[in-house]
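Remarks on the overall topology
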Amino acid sequence: MVFADLKNDFVFRRIGIAKGEAIGIAKGEAIGIAKGQIAGKIDALLAILTARGIAVGEAARSQIEECDSAATLDRWVARAVTASSVEEVLATAKSD
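So, here is what we can say about the structure in this document. (Residues numbered from 1 in each chain as written. Predicted model: local features only at pLDDT ≥ 70, side-chain atom pairs only at ≥ 80, totals over all residues. Heavy atoms only, no water.)

Inspection of the secondary structure puts leucine 45 in helix H1 (residues 3-51). Residue leucine 45 is classed as buried on the basis of its relative accessible area of 0%. For the pair leucine 45 and valine 77, spaced 32 residues apart in sequence, the C-alpha separation works out to 5.2 Å. Those residues within four positions of leucine 45 in sequence are excluded, and the remaining contacts are Ile64, Leu73, Trp76, Val77, Ala80 and Val89. (Helix = DSSP H or I, 4+ residues; strand = E, 2+ residues; numbered from the N terminus. Buried < 20%, exposed > 50% of the residue type's maximum accessible area, 1.4 Å probe, protein only. Contact = heavy atoms within 4.5 Å.)

Written out as structure tokens, the structure is:
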């Protein structure tokens, strides 16, 4: 291999590494954003329940804090606005 070939090989490898790093960073950011959104929904749900004076027991709090589904948390937040108990918020409906 001549010097020019080695230089080109090095350049192409660096480009590939840079692209891989960029993809990895983007995926990491997307995961971080999703986790942050989930955490925000959990905080909002607990804040709504607290503001409404609805007691949240240890088991219910664990269920809420361990939930990683944005759709489920959105459903629970919507229910929390009108529910009279945390059990009503967390109840599984046939459409869930």
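Taken together, the buried positions of helix H3 (residues 70-80) are Thr72, Leu73, Trp76, Arg79 and Ala80. Each buried residue of H3 lies within a common arc of 125° when the element is viewed along its axis, so the set occupies one face. (Arc of directions from axis to C-beta.)

The next point concerns the pattern of salt bridges. The final tally for this structure, using the stated rule, is 3 salt bridges. Between lysine 41 and aspartate 74 there is a salt bridge, with its nearest N and O atoms 2.6 Å apart. Taken together, the residues lysine 41 in helix H1 and aspartate 74 in helix H3 connect sequence positions 33 residues apart. Lysine 41 gets classed as partly exposed once you look at its relative accessible area, which sits at 23%. Using a relative accessible area of 40% as the deciding quantity, one classes aspartate 74 as partly exposed. Between glutamate 65 and arginine 61 there is a salt bridge, and its shortest N-O distance comes to 3.9 Å. One end of the pair, glutamate 65, and the other, arginine 61, are both in helix H2 (residues 58-66), 4 residues apart, so they sit about a helical turn from each other. Looking at arginine 61, the relative accessible area reads 34%, which means it is partly exposed. (Salt bridge = Lys/Arg side-chain N within 4 Å of Asp/Glu carboxyl O.)

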